Amino acid sequence: MQNAKDTFYITLQARLAAVNPSRTIVVRGVTRPAVLVEENELPSDAVPLDAFRLRWTVLKVDPQAALPLVTMACEIRYATDGNAGNGGMDRGRLLAAMDAELAAALGAPPRSVTKTSYSTAPPTALGTNVFWGDAAFAPVAVTDERLERVATVEVFCYQEAGEL
Amino acid sequence: MADLLMDSGAAVRTANVLLRGVGGRTVLLRMPAMASAGDVTEQLGLATPQFQDLELAPVVFRSARATVTEGKATRWELLVAGDAVETLVGSMGYGAAESLFGATFGVLIDGVLMTIESTTASEVRGSAYLYRLVVRAPLVQVV
């Protein structure tokens, strides 16, 4: 399961960076594409704006097939206050841009990728794929000047023998 | 006296002396090392950053609220001398105190790592002489 989570994150990060290379964040002094997995970062009360935050929630395992089918829900959260230089009046447009970038990255074919183990150096390709469905975009949550949305996507993989 | 206090240097020194006079103590700021550029292992939770603890003194540590609610983290207040913060900001190469506190993972006080919730600065002529940090104890410490 962890390999599928890692593979999905790396794939989504590369796709989002290709869609909009200028969307970056600085995490502990290093600039990288504006995508992160919350559970892999240092705990913080601060919400990174104009960035995509992945949160893994629901997990289901169907043991009926020869290889157990694993279904995981991935919440992709993003928020913006708009540009301060524009008085925040462009926050709707900035959120729409993030909606479009995420939809393009998730919807681009193929919607599957070879599952990879990143716990080895170099990363090792495994025998099955990770694949995902359409993103479900929740209504915008408005908190003062902040617009925030959660998009949920189901990610599927087969649990290979001996895989953790 | 009024002229002296209008001088930001005097305000900084006064705050420093006052904090020492009311039992100023030392706490440690726990700072994570910079992330590894081009290395995804930290992004995947496979590797953890190194931490370094930086001394911050003089500070006064006190309870920030009178009542403690069950299941809620206790909040504490740290009053920090402005010159101590400026020294750290300069030595660590940060542009501002806000950047330093923003990059801090927590404040180690008597062996308990507390999370910084907010920071405010008291200033004279644009120069900070005192910082007030609201810190939160971890929930496991709540009795």
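Predicted, not measured: the structure shown is a model, and the values here were computed from it. (Residues numbered from 1 in each chain as written. Chains lettered and ligands numbered in written order. Predicted model: local features only at pLDDT ≥ 70, side-chain atom pairs only at ≥ 80, totals over all residues.)

## Side note on the overall build of chain B
- In terms of helices and strands, chain B carries four helices and six strands.
- Counting helices and strands in the order they occur from the N terminus, chain B gives α-α-β-β-β-α-α-β-β-β.
- Among the 143 residues that make up chain B, the fraction classed as buried is 22%. (Helix = DSSP H or I, 4+ residues; strand = E, 2+ residues; numbered from the N terminus. Buried ≥ 20, exposed ≤ 12 C-beta atoms within 10 Å, placed from the backbone.)

## With respect to the overall build of chain A
- When helices and strands are tallied, chain A shows two helices and 10 strands.
- Secondary structure elements of chain A, listed N to C terminal, follow the sequence α-β-β-β-β-β-α-β-β-β-β-β.
- Relative to its length of 164 residues, chain A is compact, with a C-alpha radius of gyration of 17 Å against a globular reference of 15 Å.
- On the principal axes, the C-alpha backbone points of chain A span a range of 55 × 35 × 30 Å.
- By residue count, 25% of the 164 residues in chain A fall in the buried class.
- Partitioning the contacts of chain A with sequence separation of at least 6, the portion at a separation of at least 24 is 54%. (Rg over C-alpha atoms; globule rule 2.2 N^0.38 Å. Contact = placed C-beta atoms within 7 Å.)

## As for the environment of C74 of chain A
All names here are of chain A.
- Mapped onto the secondary structure, C74 falls in strand β5 (residues 69-80).
- The buried category is assigned to C74, around which 22 C-beta atoms lie within 10 Å.
- When the C-alpha atoms of C74 and L42 are compared, they prove to be 19 Å apart, with 32 residues separating the residues in sequence.
- When residues no more than four places from it in sequence are discounted, the contact partners of C74 are F8, L54, W56, V153 and V155.

## A look at unusual backbone geometry
- Across the junction of A121 of chain A and P122 of chain A, the peptide omega takes the value 0 degrees, indicating a cis bond.
- Structurally, the position occupied by P122 of chain A is in the loop between β6 (112-117) and β7 (124-132).
- Residue A57 of chain B is joined to P58 of chain B through a cis peptide bond whose omega torsion reads -5 degrees.
- Along the chain, P58 of chain B turns up in strand β2 (residues 51-63).
- Here D50 of chain A, not a glycine, exhibits a phi torsion of approximately 55 degrees, which is positive.
- Note on placement: D50 of chain A falls in the loop between β3 (35-37) and β4 (52-62).
- At R125 of chain B, a position not held by glycine, the phi torsion is positive, near 50 degrees.

## A look at the pairing of β6 of chain A
Residues and elements named next belong to chain A.
- Across five bridges, β6 lies against β7 in antiparallel orientation. Bridge assignment links S117 to a residue of β7, and that residue is T124.
- Where β6 folds back on β7, the antiparallel hairpin that results is connected by six residues. (Pairing = 2+ DSSP bridges.)

## A look at the confidence of the model for chain B
Residue and element names in this part refer to chain B.
- The pLDDT averaged across chain B works out to 83; a share of 85% of its residues lies at or above 70.
- Summarising per-element confidence for chain B, the mean pLDDT is lowest in helix α1 (residues 2-6) (55) and highest in strand β4 (residues 106-109) (92).
- Scoring of the predicted complex yields 0.82 for pTM and 0.87 for ipTM. (pLDDT = per-residue confidence, 0-100.)

## Focus: the packing of helix α1 (residues 2-19) of chain A against helix α2 (residues 91-107) of chain A
Residue and element names in this part refer to chain A.
- At a minimum axis separation of 9 Å, α1 and α2 run at an interaxial angle of 125 degrees. It follows from the interaxial angle that α1 and α2 lie oblique. With respect to the hand of their crossing, α1 and α2 are arranged in right-handed fashion. Only E101, A104 and A105 of α2 make contact with α1, whose side of the interface consists of L12, R15, L16 and V19.
- Each residue belonging to the contact of α1 with α2 can be placed in one class, and the counts come to five nonpolar, no polar and two charged. (Axes fitted to C-alpha atoms, helices over the stretch in contact; angles between N-to-C directions. Parallel < 35°, antiparallel > 145°, perpendicular 65-115°, else oblique. Left-handed = near helix turned anticlockwise from the far one by under 90°. Nonpolar A, V, L, I, M, F, W, Y, C, P; charged D, E, K, R; others polar.)

## Structural notes on the nonpolar core
- The biggest cluster of nonpolar side chains holds 30 residues, and the ones touching the most others in it are F8, F52, C74, I76, L102, V153 and V155 of chain A.
- Listing elements by their share of this core, those giving two or more residues are α1, β3, β4, β5, α2, β7 and β10 (146-158) of chain A.
- Counting residues in hydrophobic clusters, the runner-up holds 27 residues, among them L19, V27, L88 and F101 of chain B. (Core = buried A, V, L, I, M, F, W, Y, C linked by C-beta atoms within 7 Å.)

## Here we look at the pairing of strand β5 (residues 112-124) of chain B
Residue and element names in this part refer to chain B.
- Of the strand pairs in this sheet, β4 and β5 are connected by three bridges, and their pairing is antiparallel. Along β5, the bridge assignment pairs L108 with L113.
- Following β4, the chain reverses through two residues before pairing antiparallel with β5; D110 in that reversal takes a positive phi of roughly 50 degrees.
- Where β5 meets strand β6 (residues 127-136), nine bridges bridge the pair, whose relative direction is antiparallel. The partner of T120 across the bridge, within β6, is R132.
- Linking two consecutive strands that pair antiparallel, namely β5 and β6, is a turn of two residues; a positive phi of about 50 degrees is found at R125 within it.

## Details of the environment of L28 of chain B
All names here are of chain B.
- Relative to the assigned elements, L28 resides in strand β1 (residues 25-32).
- Sequence separation between L28 and E55 is 27 residues; the distance between their C-alpha atoms is 4.7 Å.
- Ignoring sequence-local partners within four residues, the contact set of L28 consists of D53, L54, E55 and L108.

## So, the sheet that holds β5 of chain B
- If you trace the six strands once around the closed barrel, you get β1-β2-β3-β6-β5-β4 (chain B), paired in antiparallel fashion. Strand-to-strand twist in this sheet, taken as the mean axis angle between neighbours without regard to direction, amounts to 45 degrees.

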